[in-house]
Amino acid sequence: MLKPQPQPLLSLPSLPPNRTEAVAPGTLPSAEGSLSEAHITIIICEPLIIVQPAGLAHRISHSGARLSPPASCRPQTLQSQQSRPGAQVGRRAWCGRMDASPEPHQKGGTLVLVRRQPPVSQGLPEMLTARLKRSCTCSVPCAQALVQDLFPALRWLRQYRPKEHLAGDVMSGLVIGIILVPQAIAYSLLAGLQPIYSLYTSFFANLIYFLMGTSRHVNVGIFSLLCLMVGQVVDRELQLAGFDPSHDSQGPKNNGSTLNNSATLMLGLQDCGRDCYAIRIATALTLMVGLYQVLMGVLRLGFVSTYLSQPLLDGFAMGASVTILTSQAKHLLGVRIPRHQGPGMVVHTWLSLLQSVGQANVCDVITSAVCLGVLLAAKELSDRYRHSLKVPVPTELLVIVVATTVSHFGQLHTRFSSSVAGNIPTGFVAPQVPDPKIMWRVALDAMSLALVGSAFSISLAEMFARNHGYSVRANQELLAVGCCNVLPAFFHCFATSAALSKTLVKIATGCQTQLSSVVSAAVVLLVLLVLAPLFHDLQRCVLACIIVVSLRGALRKVKDLPQLWRLSPADALVWVATAATCVLVSTEAGLLAGVFFSLLSLAGRTQRPRAALLARIGDSAFYEDAAEFEGLLPPPEVRVFRFTGPLYYANKDFFLRSLYRLTGLDAGHSATRKDQGPEMGVGNLADGKDPGSVSSGAGLVLPLAFGFHTVVIDCAPLLFLDVAGMGTLKDLRRDCRALDITLLLACCSPSVRDTLRKGGFLGEDQGAEDELLFPSVHSAVEAAQARREELLAVDSAF
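Residues numbered from 1 in each chain as written. Predicted model: local features only at pLDDT ≥ 70, side-chain atom pairs only at ≥ 80, totals over all residues. Heavy atoms only, no water.

Caption draft 1: Spotlight on the overall build of the chain. Regarding its fold elements, the chain presents 31 helices and 13 strands. Going through the 798 residues of the chain one by one, you find that 48% of them count as buried. Taking as baseline every contact in the chain between residues at least 6 positions apart, the subset at least 24 positions apart corresponds to 80%. Total accessible area on the chain is roughly 39,800 Å²; 62% of this is exposed by carbon and sulfur atoms. (Helix = DSSP H or I, 4+ residues; strand = E, 2+ residues; numbered from the N terminus. Buried < 20%, exposed > 50% of the residue type's maximum accessible area, 1.4 Å probe, protein only. Contact = heavy atoms within 4.5 Å. Areas by Shrake-Rupley, 256 points an atom, 1.4 Å probe, with all protein chains shown as cover.)

Caption draft 2: Highlighting unusual backbone geometry. Phi is positive for His492, which is not a glycine, with a value near 65°. Inspection of the secondary structure puts His492 in the loop between helix 18 (474-486) and strand 7 (497-499). One non-glycine residue, Glu637, adopts positive backbone phi at about 60°. Position of Glu637 relative to the elements: it lies in the loop between strand 9 (623-625) and strand 10 (638-643).

Caption draft 3: Looking closely at the nonpolar core. Judged by nonpolar contacts, the single largest core of 92 residues is most densely connected at Val230, Phe494 and Leu538. In terms of residue count, the dominant contributor to this core is helix 10 (residues 274-298) (10 residues). The next biggest cluster of nonpolar side chains, apart from the first, holds 30 residues, and it includes Ala611, Leu647, Met726 and Leu739. (Core = buried A, V, L, I, M, F, W, Y, C linked by side-chain atoms within 4.5 Å.)

Caption draft 4: Layout of the packing of aromatic side chains. The final tally for this structure, using the stated rule, is 16 aromatic pairs. Relative to Phe210, the ring of Trp156 lies with its centre 5.8 Å away and its plane at 85°, an arrangement referred to as edge-to-face. Of this pair, Trp156 sits in helix 5 (residues 153-156) while Phe210 sits in helix 7 (residues 195-212), placing them 54 residues apart in sequence. Phe210 carries the same exposure label as Trp156, and that label is buried. Look at Phe643 and Phe655: their rings are 5.1 Å apart centre to centre, the planes differ by 90°, and that puts the pair in the edge-to-face class. Taken as a pair, Phe643 in strand 10 and Phe655 in helix 26 (residues 652-663) lie far apart in primary sequence, 12 residues in all. An aromatic cluster is defined as three or more aromatic residues linked by ring pairs; in this entry it consists of Tyr197, Tyr200, Phe203, Phe204, Phe428 and Phe491. Residue placement shows Arg216 over the ring face of Tyr470; its charged tip is 4.2 Å from the ring centre. (Phe/Tyr/Trp six-rings, centres within 6.5 Å; stacked < 30°, edge-to-face > 60°. Lys NZ or Arg CZ within 6 Å of the ring centre and 35° of its normal.)

Caption draft 5: The arrangement of a nonpolar patch on the surface in detail. A surface patch of nonpolar side chains, about 550 Å² in accessible area, is lined by Phe428, Leu526, Leu529, Val530, Leu531 and Leu534. Tracing the sequence through the fold places Phe428 in the loop between helix 15 (412-416) and helix 16 (436-441). (Patch = residues over 30% accessible without salt bridge, like charges linked within 9 Å, V, L, I, M, F, W, Y side chains within 5 Å. Salt bridge = Lys/Arg side-chain N within 4 Å of Asp/Glu carboxyl O.)

Caption draft 6: Examining the side chain of Ser172 more closely. The residue Ser172 is located in helix 6 (residues 162-191) in this model. Exposure remark for Ser172: the relative accessible area of 0% places this residue in the buried category. In this view, Ser172 contacts Lys506, Thr509, Cys511, Ser516 and Ser520; residues no more than four positions away in its chain are not counted.

Caption draft 7: Region of interest: helix 21 (residues 540-550). Of all the 11 residues making up helix 21, 10 are buried; the element is thus mostly covered by neighbouring parts of the structure. Taken as a whole, helix 21 has its buried residues at Arg540, Cys541, Val542, Leu543, Ala544, Cys545, Ile546, Ile547, Val548 and Val549. Buried residues along helix 21 sit against helix 6, helix 11 (310-333), helix 13 (362-384), helix 14 (395-410) and helix 22 (552-555).

Caption draft 8: Seen up close, the packing of helix 24 (residues 569-584) against helix 25 (residues 587-607). Interhelical geometry of helix 24 versus helix 25 gives an angle of 160° and a closest axis separation of 7 Å. When the axes of helix 24 and helix 25 are compared, the pair comes out roughly antiparallel. Considering how the two elements wind past one another, helix 24 and helix 25 form a crossing that is right-handed. Residue-level inspection shows Ala570, Asp571, Val574, Ala577, Thr578, Thr581 and Cys582 of helix 24 in contact with helix 25, the latter providing Thr587, Ala589, Gly590, Ala593, Gly594, Phe597, Ser598, Ser601 and Arg605. Looking at the contact of helix 24 with helix 25, its residues break down into 7 nonpolar, 7 polar and 2 charged. (Axes fitted to C-alpha atoms, helices over the stretch in contact; angles between N-to-C directions. Parallel < 35°, antiparallel > 145°, perpendicular 65-115°, else oblique. Left-handed = near helix turned anticlockwise from the far one by under 90°. Nonpolar A, V, L, I, M, F, W, Y, C, P; charged D, E, K, R; others polar.)

Set out below in structure tokens:
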């Protein structure tokens, strides 16, 4: 029976030196670099500890360069890469060109590494003074650059090419404007506000992002998740003020409650009805959200949103979508139930729906069934034939026009008590400053909205920028989205962010620049000034159907969960925990749970990383995991240990346990027993010399009590050391010395070398450093075997 041959680890064709490029260790390629003449990109991923799905996706290129099997990849990294067949890294996936160096130095016929002299670093006061001086220096070019950075439209409008871009921008702007009107009216139900305020929000957000946004394709406006979160805050504050959130009538509820009346008097709501106070809450919340986002942009905290991983955002979208679906079920059935707040809102709402299902409005139920069937069928047909359709069919607008016409001439509100949108005024309301007292009460709620809006906006902007070959500035995106909330808050608008569905429609209809946002704003303005009263008889159940159908994309993410589990169980658990907490507790708690489990999964991966003993690949100078591959040759009398993670306070004990388990040696325990036992001719161990490199006091080489004389630690995956990790290495070297075992480190990165040097592990002598640290595992193994042979030769001479 033939035994299958093991698959080779790395196979690269021979290429001329000037036709390949190497990517710096420890980094994933970014999309902002350039690769000039390379045909093959080689990624050195020896220090690469974790490859997440997002990291794999970033490496897919749109050019013709091929991806070679990454050099020095560990098995688990290769397995992650093989899960994406056909992945390529191209010309734009290179993160930097290495500077040319002079000829390598040689010493005694062998190559040696000569460290570059580090640049003279300034002290903190000098650095702060220099930055402050540069910031305060004012000139006409600096002022122009600052204004253009703040308003990127001033820069790209000068380079606008009407013949190439205008047709696509106008078409996409018209389509988005047509889609935006029914969605804006529908999403007002989620926010608990009148439809006119959604139209205001869509108008101002498109104009402001046109001026300040750095993405060419992202559409910023009303977003279902933020509308839901705004609506929850509005409902809570309405209840505290004595209003009934489930009632559409004006003014406080008349229940004779002394507490409610006193609350109304304290808040100064004698001349302000329910809708008036609801928009006050929404504008105060929106202003706080915008201030947080602008502050994050000024402080250059755009990187904070990157800590919300893609599984977290997908799980949050899934859980929030279930919450949105639950909130719209009462409109689909035409029943009135109390709007529940707090933990378990979804469960309590469904229980109330089951109790009130017998009171459902037959007219609303029939209308909802027909609208859902038409919308879902149209969406499925659009998805199936999207390559044949040059322009998406505005199904929502057609459904609204037909439903409004039927409701108006059939008098459904009068005859069947069907709930309708009501009066939608034309024109703009005078601006008003948000209430500072309400802003103080909703300041904590605004934090979660600001974080969610920033994360979705920046992630969408960066995703579409990578797909179309340009770059965006995360901090400027924060400023743009923040200003889309700060300025409109004075004009009766509520919180906005980037929306995925409308962005995809913009790209599908030929959008080239943000000029399409101006066209969309013009369509909304036409509705605000002329067409808004025509939607008076539009049934609310039709708007609920539009909202429910728009959740298809988020709800379909459940199908990706099995694949995510196969690729990364930790990310799948983050997805499930975030979604479940959103549904069972609240959306804010779901966001916090997602962040907590994301950090926990990251800590878990570094707390118990993979550890292995390495063996030699044939006659080469490469070493790999002996438990993972067949046919490897362990170096005689030497143990090579690899720990694929940082060494810090949380995993130092696991590091030692893994080392002792794989080598069969408990250095600390054995060294203690040896110190307490009788003299064995070891000699004086307190002189600081390595017993593995000298003879004993009797001049004889001691026999190998554990089957090896040297332990080599492969430090290539060792990203960093902290104080606890440094102490662990010191204790390990001390215990190994007591057992006549040499401890050597190989492939240490410059940062790890500096930490070892500053921590006193290497001592003051440069020769001691050369004897402890080696540039490769193979050189460390050869040095250990050469020392042993020298000792044996000296011993035989005696």
